[in-house]
Amino acid sequence: DGGITQSPKYLFRKEGQNVTLSCEQNLNHDAMYWYRQDPGQGLRLIYYSQIVNDFQKGDIAEGYSVSREKKESFPLTVTSAQKNPTAFYLCASSIWDGAGYNEQFFGPGTRLTVL
Amino acid sequence: KNQVEQSPQSLIILEGKNCTLQCNYTVSPFSNLRWYKQDTGRGPVSLTIMTFSENTKSNGRYTATLDADTKQSSLHITASQLSDSASYICVVSSTNTGGFKTIFGAGTRLFVKA
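Residues numbered from 1 in each chain as written. Chains lettered and ligands numbered in written order. Predicted model: local features only at pLDDT ≥ 70, side-chain atom pairs only at ≥ 80, totals over all residues. Heavy atoms only, no water.

### Here's the deal with a nonpolar patch on the surface
Taken together, the side chains of Tyr10(A), Phe12(A) and Leu115(A) define a hydrophobic patch exposed on the protein surface, amounting to about 400 Å² of accessible area. Mapping Phe12(A) onto the fold places it in strand β2 (residues 10–13). (Patch = residues over 30% accessible without salt bridge, like charges linked within 9 Å, V, L, I, M, F, W, Y side chains within 5 Å. Areas by Shrake-Rupley, 256 points an atom, 1.4 Å probe, with all protein chains shown as cover. Salt bridge = Lys/Arg side-chain N within 4 Å of Asp/Glu carboxyl O. Helix = DSSP H or I, 4+ residues; strand = E, 2+ residues; numbered from the N terminus.)

Now the structure itself:
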């Protein structure tokens with residue numbers, strides 16, 4: 001998956017608990033992204049980061065939080081405030097060009113299930 | 001509203017046959033259009049990218065076309081193989097003074113049968 005890893009592959013969580021999904025890349029990319037994928041829908045952007053110590057909300061940021069303390073790492077926390085967290089979560093990274101031209105390389109994904 | 005619509009939703013073909021997947025978009029202003037292949041339970045992998053001035057782009061047995069006037073793109077797969085079974089996602093990027101936005105289609109699920 002092009003030098004970008006996500007863990008764990010499967011994650012189960014009880015309602016009311018926060019959970020953190022890991023994303024690491026060794027592609028030396030400045031930009032990193034988190035998406036959520038639901039059946040029958042296109043990927044939706046949760047958060048993205050253009051550079052270390054900076055990140056921006058995407059289209060569906062409510063109930064999620066991120067940090068970008070290192071270039072290689074962009075963990076996503078799904079909080080108890082997220083109303084419907086069960087989904088497939090994809091992390092991606094790219095060279096930042098401000099125009100969306102450069103390819104985003106995706107990790108293998110984490111499937112989160114709330115019990 | 002910026003949208004990317006793909007058709008058909010799913011498709012079943014026999015191994016060795018050709019197929020064409022469609023993508024219509026209303027994204028504006030247009031920057032580029034990319035096709036991704038996503039195997040089940042995996043992340044998407046880029047197949048092709050086209051900008052406004054490009055009409056066609058090939059990658060092996062995959063050929064993408066773009067008509068920027070009608071805002072339509074297609075992905076043609078030649079001599080399909082069992083490994084082509086996957087979801088194919090059309091992605092359109094838009095740029096303006098505020099930055100850029102990337103809109104993903106819901107994908108077409110292709111099943112190739114022996």
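### Observations concerning the nonpolar core
Nonpolar side chains tend toward joint burial in soluble globular proteins. Counting residues in hydrophobic clusters, the biggest one holds 25 residues, and the most contacted among them are Val4(B), Tyr25(B), Leu33(B), Trp35(B), Leu75(B), Tyr88(B) and Val92(B). Breaking this core down by element, the ones donating at least two residues are β3 (19–25), β4 (30–38), β5 (45–51), β7 (62–67), β8 (72–77), β9 (86–96) and β11 (108–113) of chain B. Non-local contacts of Tyr88(B), meaning those with residues more than four positions away in its chain, are made with Gln6(B), Leu21(B), Trp35(B), Tyr36(B), Lys37(B), Leu47(B), Tyr62(B), Leu75(B), Ile77(B), Gly107(B), Thr108(B) and Leu110(B). By size, the runner-up hydrophobic cluster in this structure holds 20 residues, among which are Trp34(A), Ile46(A), Ala61(A) and Tyr64(A). (Core = buried A, V, L, I, M, F, W, Y, C linked by side-chain atoms within 4.5 Å. Buried < 20%, exposed > 50% of the residue type's maximum accessible area, 1.4 Å probe, protein only. Contact = heavy atoms within 4.5 Å.)

### A closer look at the sheet that holds strand β1 (residues 4–7) of chain A
All names here are of chain A. One open sheet holds the 4 strands; their spatial order is β1-β3-β8-β7, and the pairing between them is antiparallel. Strand pairing shows two members of the sheet lacking a second neighbour, β1 and β7 (64–66), which therefore form its edges. Sheet twist, expressed as the average angle between the axes of neighbouring strands with direction ignored, equals 20 degrees. Note that β7 and strand β8 (residues 76–78) share 3 bridges and pair antiparallel. The partner of Ser65 across the bridge, within β8, is Thr77. (Pairing = 2+ DSSP bridges. Axes fitted to C-alpha atoms, helices over the stretch in contact; angles between N-to-C directions.)

### Digging into the state of the cysteines
Going through the model one piece at a time under the given rule, you end up with 2 disulfides over all chains. Between the sulfur atoms of Cys23(A) and its disulfide mate Cys91(A) the distance is 1.9 Å. Given an S-S torsion of about -75 degrees, the disulfide between Cys23(A) and Cys91(A) has left-handed geometry. Of this pair, Cys23(A) sits in strand β3 (residues 19–25) while Cys91(A) sits in strand β9 (residues 87–94), and the two are 68 residues apart along the sequence. The two residues Cys23(A) and Cys91(A) agree in class, both being buried. Disulfide pairing is shown between Cys23(B) and Cys90(B); the S-S distance is 2.0 Å. Its torsion about the S-S bond being -70 degrees, the disulfide of Cys23(B) and Cys90(B) is classed as left-handed. Residue Cys23(B) is located in strand β3, and its partner Cys90(B) is located in strand β9; the two are separated by 67 residues in the primary sequence. (Disulfide = S-S within 2.5 Å.)

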